[in-house]
Amino acid sequence: MALSGWVNSCRELGGALVFVDLRDKYGITQVAFDDSVSAELRAEARGLKPESVIHVTGIVRSRPAGQANKERATGEVEVLARSLEVLGAAQTPPFDPATADKSGVSEELRLQYRYLDLRREGPQAALAMRHTVLLALRNRLSDLGFIEVETPILTKATPEGARDYLVPSRVSKGKFYALPQSPQIFKQILMVAGVDKYFQICRCFRDEDLRADRQPEFTQLDVEMSFVEQQHVIDMISAAVAHAVTSVRPGDGPSLPLPVMTWTDAMRLYGCDKPDLRFGVPLADVTELVKDSGFGVFSGTVAKGGRVRMLAAPAGGSFSRKDITAFEDVAKANGAKGLAWFKVALAADGPGSQVEGSGLGVIGGTSPQLGLVLEGGSAKFLSEAEQHALLVATEARAGDVLLAVADTFAVSARALSAVRLAVGRQLKLVDSSCLAFTWIVDFPMFDRDEETGALSPAHHPFCMPKESYPGQLEQDPAGTLANSYDLVLNGVELGSGSVRIHDSARQQRIFEAIGLPAHEIRERFGFVLDAFKYGAPPHAGFAVGLDRLVMLLAGKESIRDVIAFPKTATAACLMTGAPTPIPAAQLAEAGVAVLPSLTQPAPRQGGEAPQEMDA
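Keep in mind that what you see is a predicted model, and the values were worked out from it rather than measured. (Residues numbered from 1 in each chain as written. Predicted model: local features only at pLDDT ≥ 70, side-chain atom pairs only at ≥ 80, totals over all residues. Heavy atoms only, no water.)

What follows deals with the sheet that holds strand β16 (residues 401–407). Adjacent strands of a sheet pair through backbone hydrogen bonds, lying either parallel or antiparallel. The strand order across the open sheet formed by 5 strands is β12-β13-β16-β14-β15, and the pairing between neighbours is antiparallel. In the strand order of this sheet, the two ends are held by β12 (284–285) and β15 (372–375), each with one partner. With 7 bridges connecting them, strand β13 (residues 307–313) and β16 associate as antiparallel partners. Considered in β16, the bridge of M310 is made with A404. Along the sheet, helix α10 (residues 321–333) contacts β14 (340–346) and β16; its crossing angle with β16, the most-contacted strand, is approximately 25 degrees. (Pairing = 2+ DSSP bridges. Helix = DSSP H or I, 4+ residues; strand = E, 2+ residues; numbered from the N terminus. Contact = heavy atoms within 4.5 Å. Axes fitted to C-alpha atoms, helices over the stretch in contact; angles between N-to-C directions.)

Our next topic: a nonpolar patch on the surface. Taken together, the side chains of Y115, F565 and M575 make up a nonpolar region of the molecular surface, amounting to roughly 300 Å² of accessible area. Relative to the helices and strands, Y115 resides in helix α3 (residues 114–117). (Patch = residues over 30% accessible without salt bridge, like charges linked within 9 Å, V, L, I, M, F, W, Y side chains within 5 Å. Areas by Shrake-Rupley, 256 points an atom, 1.4 Å probe, with all protein chains shown as cover. Salt bridge = Lys/Arg side-chain N within 4 Å of Asp/Glu carboxyl O.)

A few words on the environment of L109. Inspection of the secondary structure assignment puts L109 in helix α2 (residues 107–112). Residue classification places L109 among the partly exposed residues on the basis of a relative accessible area of 25%. Along the primary structure L109 and V192 are separated by 83 residues, whereas in three dimensions their C-alpha atoms are 49 Å apart. Filtering out sequence-adjacent residues up to four positions away, L109 remains in contact with P94 and F95. (Buried < 20%, exposed > 50% of the residue type's maximum accessible area, 1.4 Å probe, protein only.)

For the structure on display, the rule yields 11 aromatic pairs. Arranged with centres 5.8 Å apart and planes meeting at 70 degrees, the rings of F462 and F525 form a pair that is edge-to-face. In this pair, F462 is assigned in the loop between β19 (455–457) and β20 (465–466) and F525 in helix α15 (residues 518–532), connecting sequence segments 63 residues apart. Put simply, the rings of F295, F298, F342 and F381 pair up and form one aromatic cluster. The ring centre of F409 lies 4.8 Å from the NZ or CZ of R309, which sits over that ring. The ring of F279 has R420 sitting right over it, with the charged end atom 4.1 Å from the ring centre. (Phe/Tyr/Trp six-rings, centres within 6.5 Å; stacked < 30°, edge-to-face > 60°. Lys NZ or Arg CZ within 6 Å of the ring centre and 35° of its normal.)

Within helix α9 (residues 296–303), the full set of buried residues consists of F298, S299, T301 and V302. Around the axis of α9, the buried residues are gathered within 160 degrees of arc, so they sit on the same side. Structurally, α9 contributes buried residues whose contacts are with α8 (287–290), β13, β14 and β16. Where α9 ends, the next residue or the one after it, G305, has phi of about 90 degrees, a positive value. (Arc of directions from axis to C-beta.)

Evaluation of the coordinates by the stated rule reveals 34 salt bridges. A salt bridge links D285 to R307; its shortest N-O distance comes to 3.0 Å. With D285 in strand β12 and R307 in strand β13, this residue pair connects regions lying 22 residues apart in the sequence. We classify R307 as partly exposed; its relative accessible area is 27%. One salt bridge in this structure joins K466 and D442, with 2.5 Å as the shortest N-O distance. With K466 in strand β20 and D442 in the loop between β17 (437–441) and β18 (446–448), the pair connects residues that are 24 residues apart, well separated along the chain. Put simply, D101, R110, R114, D117 and R120 are held in one network by salt bridges that share partners.

A word on α15. Spanning 15 residues, α15 covers only 17 Å between terminal C-alpha atoms, well under the ideal 21 Å at 1.5 Å per step. Of all the bends found along α15, the most pronounced is centred on F525 and spans about 80 degrees. Turning to α15, its buried residues number three or more, namely I521, F525, G526, V528, L529, A531 and F532. Tucked inside the fold, the buried residues of α15 contact α5 (184–192) and α14 (504–513). (Expected span 1.5 Å × (residues − 1). Bend = angle between axes of the 7 residues up to and from the residue.)

Moving on, we get to the pairing of strand β9 (residues 197–205). Summarising burial for β9: 7 of the 9 residues are buried, a large majority. In this sheet, β9 lies alongside strand β6 (residues 147–148) in parallel orientation, the contact comprising 2 bridges. Bridge pairing in β9 places E148 opposite F199.

For R130, the position within the fold is in helix α4 (residues 121–143). According to the relative accessible area criterion, R130 is buried, its value standing at 13%. Separated by 2.8 Å, the side chains of R130 and D547 make a polar contact. (Polar contact = N/O pair within 3.5 Å; in protein donor to acceptor, adjacent residues only side chain to side chain.)

Right, let's talk about the nonpolar core for a bit. Of all hydrophobic cores here, the largest spans 65 residues; its most connected members are V133, L221, I237, F437 and L487. Residues F298, A379, L382 and L402 belong to the second largest nonpolar core, which totals 22 residues. (Core = buried A, V, L, I, M, F, W, Y, C linked by side-chain atoms within 4.5 Å.)

Between α10 and helix α12 (residues 409–426), the least distance of the axes is 8 Å, while the angle of their chain directions is 145 degrees. Our pair here, α10 against α12, has a crossing hand that is right-handed. Residues D323, F327, V330 and A331 of α10 touch α12, and the partners they reach there are A415, A418, V419, A422, V423 and Q426. Here the residues of the contact of α10 with α12 sort into 8 nonpolar, 1 polar and 1 charged. (Left-handed = near helix turned anticlockwise from the far one by under 90°. Nonpolar A, V, L, I, M, F, W, Y, C, P; charged D, E, K, R; others polar.)

Omega for the bond connecting L256 with P257 falls within 30 degrees of zero, at 0 degrees, which places this linkage in the cis form. With respect to the helices, strands and loops of the structure, P257 is situated in the loop between α6 (230–248) and β11 (260–262). Cis peptide bonds are those with omega within 30 degrees of zero, and the linkage from A578 to P579 qualifies with 0 degrees. Along the chain, the position of P579 falls in the loop between α16 (546–553) and α17 (584–590). With a phi angle near 75 degrees, E51 is a residue other than glycine that sits in the positive phi range. Using a relative accessible area of 4% as the deciding quantity, one classes E51 as buried. A positive phi angle, near 60 degrees, is found at A571, a position not held by glycine. Take A571: it is sitting in the loop between α16 and α17.

Averaged over the chain, the pLDDT score is 90; the fraction of residues at 70 or greater is 93%. Contacts from residues 351–366, a stretch scored under 50 in pLDDT, to residues over four places away or in other chains number 23 contacts. Here residues 602–613 is modelled with pLDDT under 50, and outside its nearest four sequence neighbours on either side it reaches 63 contacts, counting other chains as well. (pLDDT = per-residue confidence, 0-100.)

Structure below.
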């Protein structure tokens, strides 16, 4: 028997017996050096340092009775050594990979010595899972008749929602390539070229502020098809993703077809377009119910054109004042001015009480909310009829707590959506092992800047608009829907896609709607508009964020945990030191000059680091 690997640990029992735990990709195997080998060999084994690379030969034997290690796959046996060779001696490492999870090693140190960090079982398993998921997707798409085509990394800067990473050209000084935010334009060109079914597991680059599910470079599954409509793409992506899930979590593959929800319903029920459906607690828009309320926070907000949203936290009566304050802090962090709250209690006259003259259409005794009242907070400013209306709208029960945000449409949605997630965590409503997929469809075509009124594409400028009447794009752009769709898993956007524009005239209208001047349209997109003039087929596509998908399947909280060499929140690689200054001669060769004020090195920082972009 021959084994090669790393020294996980070394221990001695008396002078005549040394045990070395050898770690390789299959696990940990105990190697015994007893008095059947020379004293010199035992001494060499005794002096091995952790993480040294060794090669041993020996005889596999059963461990003595009562000495099996049931926590290891190899725990019933050990290797009785006959030879030892040190292939790579190790210095004392800055941390022990075997205990890094439990010993409080900082993420900054682990990223600086990433080659040690990756030796841990967790990262090894994550990389193996990533490989399995990508292989399953690649095989599934190949079976469906797709072909993989690589698109350029050095390309033209085009507006796609984030800042580009720029690369200077040595040959054409003063000009720059851009690293692709996505292969969007190229895959559309491939459809014009007659490729029909394209996919690519590609690298994408976005220069934007980072968070747990973002990195400056990321990997996505990019897909495009000709002669299809939205439902074809949804069905195909659903099947491919379900196949990938089953490849790493047998029995957990989602049932098909996956649920579908409109953007309007997602915003109404959950306040966001990527709802976590692993638990309930929907939001209720109670604006009309409180517009004439004596509670000025509500009625005043409505008078200014704002919205009032509310949720019922189940059994929230257990919340302490500290808990309520924490929820209020969440709301404020998401733009709200505050958080109103009310406790739901049984009325003094019991469950059989009625609300006279409420005008709510409730038939006496049939509503579970009858006999309930609101207490605490600002309940005294609400009439009995208003209280009952809120109880009905939120489907509250005795012992619940109502939480409300009054603000603009966007802020009330965002803030109470964040509070809903905080409530779910506080009450342990989320099943971490659950996979809750949903499709979100019928997005707005444009986002409007609240200050300037300027329009920008909600997805990207190549989405096909869903005009409900001719000319809506010009007459009511903010009310125009996009033929676009997102796939959401556990509150995380896995990917997005759309039916594409495939004619020059309609594409020109979109560019004009977002305010691009004619010369810029021609300069940036002239080659696309020209291509459409030569017979472009109807086509649609999608992009899946593979880092996010693997992160969720592996039960991790950051995509850094499933990327071999991730960067920090400041887009720094602590292992290599990138980004670094470039020698003046090299800059001059590329025709680039750096302002003196920008040449001071930035301090190294760690930080948080859950992006796919359809493209």
